[in-house]
Amino acid sequence: MPAARARKVSGRGRDPIVVLGMGHVGLPTALGLAELGWTVFGADDAADKIERLKTGEATFYEPAMQELLTKHLASGNFRPTRDVDAAIAGSKIIFVCVGTPQRDDGAADLSQIEAVARTIALNLNGYKLVVEKSTVPASTAERIKRTIERYARTDSAANGRNGRAHRNGKAREGQPTPRFDVASNPEFLQEGKAIEDFFHPDRIVIGVESDDARALLEDLYRPLGRPIVVTDLATAELIKHSANAFLSTKISFINMISDLCEAVGADVESVARGIGLDPRIGLQFLKAGIGFGGYCFPKDLRALIHLGEEHGVPCGILRGVEDVNLRRVDVFLEKVRHALWVMRGKTIAVLGLAFKPLTDDIREAPALRVVEELIKEGASVRLYDPEAMSNSQQVFPEAPGRVDYCRSAYEAARGAHALLLVTEWDEFRKLNWNKIRDAMEVPVVVDGRNLLDPAAMHEAGFEYSSMGRGTRRAAPVAVRAGRR
Ligand code: UDX
């Protein structure tokens, strides 16, 4: 288990921690802290979420999470609750992991953060450390601080007058507002390896303003034995946005090069390796393909652009990154159109709906735009993903003969005029491609993730195209004998 080393130091005997928001950041964080030995309240307003967690059901797919949930419900270290007030009142450290969705203008919608700050103010019954973990624009911590101060004071003033005493803990009529600190501790958890990332982070960033806050957070993370970068609040906040923007930039950069590779007959994977072995560049996040999706990169990029514009800092680089990414699905679909000529009336298998492997998350997944476009152009789709199908059904409900969800890649391939690879699940790499070919009406594969070996696919009789591997040309292909 990931925390073997960490288990030696435990939070036993110390004040409980509350994690506010049981989403993709909050739940893995809460379970990670529980594994480190802390008593952790996992608080969320959503009744269904808390009920499912209480019965031991993980609310989304994340490797190793179910095991930790089962283990720490049993140990009592993890306590899901809807009583947010009581959980805050009963804790010293408060991790804020609520959502920061995107507003229409691209800025982060901080209404949930504000609501949390007010709730904390109303339950300030002693020193608290409020740790901002949600991804937020720089200077949000300042606003959290001001909001807590304002509402804590209002609450104090109101005590005794209108009977609105402290909701939990002791009312503090006539008492000064208890001391609190706000810290920023951005998360770098990747979906699909969030638990592993919690226990083995490359670095831990903490933005603090007081020795108390620093000591509490260093104490909490010391067992992980990883480098801790200590900064001020705004710097920590900006580190998070910068990290995501930089990684997105790498992806869009290689995707732009991928298009150039196709234009001049070069190979993007060799370019990526050729540049990535330079340690100043690095090999990671240079996988060309259909572009980045998910809840973080697209949203955080827009939020950073918005922040730059708000402060008069030109963010043209980031706009370019976004533009390249928005075009990726078009580039991919152009290959499909090129292979099929006419889309209307064709049956198309789509393998992979999640925005990346090892998650059931489809937020901003390239597959959504692909499927939407195929349907719009009159194709029938046969969809398969190992984990993300029930989420996809909320977006594209099953409509037999037009939108079919399949139990396997083989079933999806049946009768298809083309098969599209949109998410690089490992199981797709290991498919019996001869069997797939035999199930298809026409053996056309468009690989949006460069998952498969072009030579092997051509050898197996596929008309195969991928992203930026221009020199490995597709062989001409015939419709299988006996088929229409
Ligand atoms: C990201 C950050 O990596 C993480 O540190 C942060 O805390 C949250 O946001 P996540 O959104 O889970 O994590 O996914 P990530 O693995 O970063 O991938 C994001 C997207 O980029 C995916 O759609 C993925 O397919 C795509 N990607 C990634 C590429 O297209 N090419 C690459 O080389 C790498």
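I will try to describe carefully the structure that is included in this document. Since we're looking at a predicted model, the values are computed, not measured. (Residues numbered from 1 in each chain as written. Predicted model: local features only at pLDDT ≥ 70, side-chain atom pairs only at ≥ 80, totals over all residues. Heavy atoms only, no water.)

1. Focus on the sheet that holds strand E13 (residues 444–447)
Filter applied, for reference: Pairing between strands requires that DSSP locate at least two bridges from one strand to the other. Strands are runs of DSSP state E lasting at least two residues, helices are runs of H or I lasting at least four, and both sets are numbered from the N terminus onward. Axis definition: a line fitted to C-alpha atoms, over the contacting stretch in the case of helices. Angles run 0 to 180 degrees between N-to-C directions.
Spatial ordering of the open sheet is given by E11-E10-E9-E12-E13-E14, a layout of 6 strands whose pairing is parallel. Strands at the two margins of the open sheet, each flanked by one partner only, are strand E11 (403–405) and strand E14 (463–465). This sheet shows a mean twist of 20 degrees between the axes of neighbouring strands, independent of strand direction. Note: strand E12 (residues 418–421) against E13, 3 bridges, orientation parallel. In the strand pairing of E13, Leu 420 is matched with Val 446.

2. Observations concerning the site of the ligand
We count it as follows: Consider each residue's heavy atoms; a residue with any of them within 4 Å of a molecule or strand counts as near. Within 3.5 Å is the distance limit for a polar contact, defined as a pair of N or O atoms, with the added protein rule that one can donate a hydrogen and the other accept it, and that residues adjacent in sequence qualify only through two side-chain atoms. Surface accessibility in these figures is a Shrake-Rupley result with a 1.4 Å probe; residues are shielded only by whichever protein chains are displayed. Three categories are distinguished: nonpolar for Ala, Val, Leu, Ile, Met, Phe, Trp, Tyr, Cys and Pro, charged for Asp, Glu, Lys and Arg, and polar for the others, with Gly belonging to the last.
With respect to spatial proximity, 19 residues lie near the ligand, and among them Gln 190, Glu 191, Lys 287, Gly 293 and Lys 356 are the closest. In this structure, an oxygen atom belonging to the ligand sits 3.0 Å away from a main-chain N or O atom of Gly 293. If the ligand stood free it would expose 670 Å²; the protein chains cover 93% of that surface. If one sorts the elements of the shell around the ligand by residue count, helix H9 (residues 233–264) sits on top with 3 residues. Here the residues of the shell around the ligand are counted per class, giving 9 nonpolar, 4 polar and 6 charged.

3. A look at the side chain of Glu 191
Counted only if it meets this: Any residue under 20% of the maximum accessible area for its type is buried, any over 50% is exposed, and the rest in between are partly exposed; the area is computed with a 1.4 Å probe on protein chains only. Working rule for contacts: check all heavy atoms of both residues, and any pair within 4.5 Å makes them a contact.
Following the sequence through the fold, Glu 191 ends up in the loop between strand E6 (180–184) and helix H7 (194–199). When its relative accessible area of 11% is taken as the criterion, Glu 191 is described as buried. Glu 191 has contacts with His 24, Glu 62, Phe 355, Lys 356, Thr 359, Asp 361 and Arg 363, leaving out every residue within four places of it along the chain.

4. A short note on the pattern of salt bridges
What counts here: The salt bridge definition used is simple: a Lys or Arg side-chain nitrogen within 4 Å of an Asp or Glu carboxyl oxygen.
For the structure on display, the rule yields 35 salt bridges. Among the ionic pairs, Glu 364 bridges to Arg 302, the shortest N-O distance being 3.6 Å. Taken together, the positions of Glu 364 in the loop between strand E9 (347–351) and helix H13 (366–376) and Arg 302 in helix H11 (residues 297–310) put the pair 62 residues apart, joining distant regions of the chain. One network of salt bridges, with partners in common, ties together Arg 14, Asp 219 and Arg 222.

5. Brief notes about a positive patch on the surface
Put simply, the rule is: Only residues whose relative accessible area exceeds 30% and that form no salt bridge enter a patch; like-charged residues are grouped when within 9 Å of one another, and nonpolar side chains (Val, Leu, Ile, Met, Phe, Trp, Tyr) when within 5 Å. Counting rule for charge: Lys and Arg are taken as positive, Asp and Glu as negative, and neither His nor the chain ends is counted. By convention, charge coordinates are those of NZ in Lys, CZ in Arg, CG in Asp, or CD in Glu.
Taken together, the side chains of Arg 143, Arg 146, Arg 150 and Arg 153 make up a positively charged region of the molecular surface. Within the secondary structure, Arg 153 sits in helix H6 (residues 140–158).

6. Overview of the pairing of E12
Taking every second residue as pointing to the same face, both faces of E12 are buried, with Ala 418 and Leu 420 on one and Leu 419 and Leu 421 on the other. In this sheet, E12 lies alongside E9 in parallel orientation, the contact comprising 4 bridges. Along E12, the bridge assignment pairs Val 350 with Leu 420.

7. Considerations on the pairing of strand E2 (residues 40–43)
Test applied: Whether a crossover is right-handed comes down to one check: with the strands pointing away from the viewer, does the path from the first strand over the helix to the second run clockwise; if it does, it is right-handed.
Burial along E2 is two-sided: the residues Val 40 and Gly 42 and Phe 41 and Ala 43 are all buried. As judged from the 4 bridges shared by strand E1 (residues 17–20) and E2, these two strands associate in the parallel manner. Paired with Val 19 across the strands is Gly 42, a residue of E2. Chirality of the crossover, the property in question, places the unit of E1, helix H1 (residues 26–35) and E2 among those that are right-handed. Here 4 bridges tie E2 to strand E3 (residues 78–81), and the two strands are oriented parallel to one another. Considered in E3, the bridge of Phe 41 is made with Arg 79.

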